[in-house]
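Coordinates in review
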Amino acid sequence: MNKILITGGAGFLGSHLCERLLNDGHDILCVDNFFTGSKTNIAHLMDDPYFEIMRHDVTFPLYVEVDQIYNLACPASPVHYQFDPVQTTKTSVHGAINMLGLAKRVKARILQASTSEVYGDPEIHPQTEDYWGRVNPVGIRSCYDEGKRCAETLFFDYHRQHDLDIKVVRIFNTYGPRMHPNDGRVVSNFIVQALKGENITIFGDGQQTRSFCYVDDLIEGFVRMMGTEQGFTGPVNLGNPGEFTMLELAEKVLQLVGGKSKLTFHSLPQDDPKQRQPDIAMARSKLGWEPKVNLEDGLKETVGYFRRLLG
């Protein structure tokens, strides 16, 4: 049994990770400031004697004794991270400094949940881990993109300077139950709009592409990365290499939900990437990992969740 700290543990990904690691027999400390996280995501875990929750903001230091740290704390959707962009950057940068300092003090292994947004609007396709990215440092998305890039810098500098045992994964679009219904992400947007009988909002011409990974697959990748040998740091792409246009996704959602929603087209937001697809050759070779859940099966689970949530 490891004592494991999960920052952002009440969020979409964090709550699934808490659940998985509890089921694996570990002692979990879930830390969240509940800006985007929710107690309803972890309410079913509260009675487990090996689950503990702490309200805390990672921009402030934390003093606990743990064996492993998963650093997931940061709003991850444009609606939420653009609400307070200065705080978003502080969460990524100060949060990384505080968690790395904690890991250094207690000699814990630490995993950083980075993002495909470090690649920006990419010039190469699909994206490999050795691609440096094409990011606008002064745009409305840069609080998140550059914050996460700086967090990676800090992780690797702590590794080189202090021999810290780090792991870095870059998360591509992930979906599933417990997504925030108002997070502005395309999967939750389309499903919620369809369930409410509203028109489906398509930005641009709908030909921009994304790759969608079901949450259970992603969490398996986290756990496998944390279990790799010391010295293997990553970064490693975690995502589904299957690529879909926004129009294809909208059509799949409408098939599953039914109803009479129509597609409406709006101008593309600033710096919105045209395409995003992971090269997962490293995850396959180093972690023995690849996604198992296809888009239709994952969407069925997600639609079922939102149907119950909207009641």
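The present account deals with the structure reproduced in this document. Here the structure is a predicted model, which means the values were calculated and not measured.

**A short note on the packing of aromatic side chains**
Per the stated rule, a full pass over the model turns up six aromatic pairs. Ring centres of Tyr175 and Tyr214 lie 5.6 Å apart, and the angle between their planes is 65°; on these two criteria the pair is classed as edge-to-face. Of this pair, Tyr175 sits in strand 7 (residues 174-175) while Tyr214 sits in strand 10 (residues 213-214), and the two are 39 residues apart along the sequence. Of the two residues examined, Tyr175 and Tyr214, each falls in the buried class. Linked through ring pairs, Tyr119, Tyr131 and Phe172 together constitute an aromatic cluster. The residue whose ring lies beneath Lys39 is Phe34, and the NZ or CZ to ring-centre distance is 5.8 Å.

**A few points about the nonpolar core**
Grouped together as the largest cluster of nonpolar side chains are 60 residues, with contacts concentrated most on Leu17, Tyr70, Val187, Phe222, Leu238 and Leu249. The residues touching Leu238, leaving out its near neighbours within four places in the chain, are Val169, Arg170, Ile171, Phe172, Leu218, Gly221, Phe222, Ala283, Leu287 and Trp289. Core analysis: the next-biggest nonpolar cluster, separate from the first, contains 26 residues, Leu5, Leu62, Val93 and Ala108 among them.

**Structural notes on the packing of helix 6 (residues 186-195) against helix 8 (residues 246-257)**
Here helix 6 crosses helix 8 at 40°, and the two axes come no closer than 10 Å. One way to sum up the angle between helix 6 and helix 8 is to call them oblique. The way helix 6 lies across helix 8 gives a crossing that is right-handed. Here helix 6 contributes Val186, Val187, Phe190, Ile191, Ala194 and Leu195 to the contact with helix 8, which in turn contributes Met246, Leu249, Ala250, Val253, Leu254 and Val257. Grouping the amino acids of the contact of helix 6 with helix 8 by side-chain chemistry returns 12 nonpolar, no polar and no charged.

**Examining helix 6**
Burial of helix 6 is extensive: eight of the 10 residues sit out of reach of the surface. All of the buried residues in helix 6 are Val186, Val187, Ser188, Phe190, Ile191, Val192, Gln193 and Ala194. Buried residues along helix 6 sit in contact with strand 7, strand 8 (200-203), helix 8 and helix 10 (295-310). The first or second residue beyond helix 6 is Gly197, which carries a positive phi of 75°.

**With respect to the side chain of Asn41**
Relative to the elements of secondary structure, Asn41 occurs in helix 2 (residues 39-42). When its relative accessible area of 7% is taken as the criterion, Asn41 is described as buried. Within the structure, Asn41 has its side chain in polar contact with the backbone oxygen of Ala10 (distance 2.9 Å).

**Remarks on the side chain of Ser92**
Tracing the sequence through the fold places Ser92 in helix 4 (residues 85-106). Look at Ser92 and you get buried, because its relative accessible area is 4%. Ser92 has contacts with Cys74, Gly147, Lys148 and Ala151, leaving out every residue within four places of it along the chain.

**Side note on the state of the cysteines**
Applying the stated criterion across every chain, the model contains zero disulfides. The closest cysteine sulfur to the non-disulfide-bonded Cys74 is located on Cys143, 8.1 Å from its own sulfur.

Calculation criteria
- Residues numbered from 1 in each chain as written.
- Predicted model: local features only at pLDDT ≥ 70, side-chain atom pairs only at ≥ 80, totals over all residues.
- Heavy atoms only, no water.
- Phe/Tyr/Trp six-rings, centres within 6.5 Å; stacked < 30°, edge-to-face > 60°.
- Helix = DSSP H or I, 4+ residues; strand = E, 2+ residues; numbered from the N terminus.
- Buried < 20%, exposed > 50% of the residue type's maximum accessible area, 1.4 Å probe, protein only.
- Lys NZ or Arg CZ within 6 Å of the ring centre and 35° of its normal.
- Core = buried A, V, L, I, M, F, W, Y, C linked by side-chain atoms within 4.5 Å.
- Contact = heavy atoms within 4.5 Å.
- Axes fitted to C-alpha atoms, helices over the stretch in contact; angles between N-to-C directions.
- Parallel < 35°, antiparallel > 145°, perpendicular 65-115°, else oblique.
- Left-handed = near helix turned anticlockwise from the far one by under 90°.
- Nonpolar A, V, L, I, M, F, W, Y, C, P; charged D, E, K, R; others polar.
- Polar contact = N/O pair within 3.5 Å; in protein donor to acceptor, adjacent residues only side chain to side chain.
- Disulfide = S-S within 2.5 Å.

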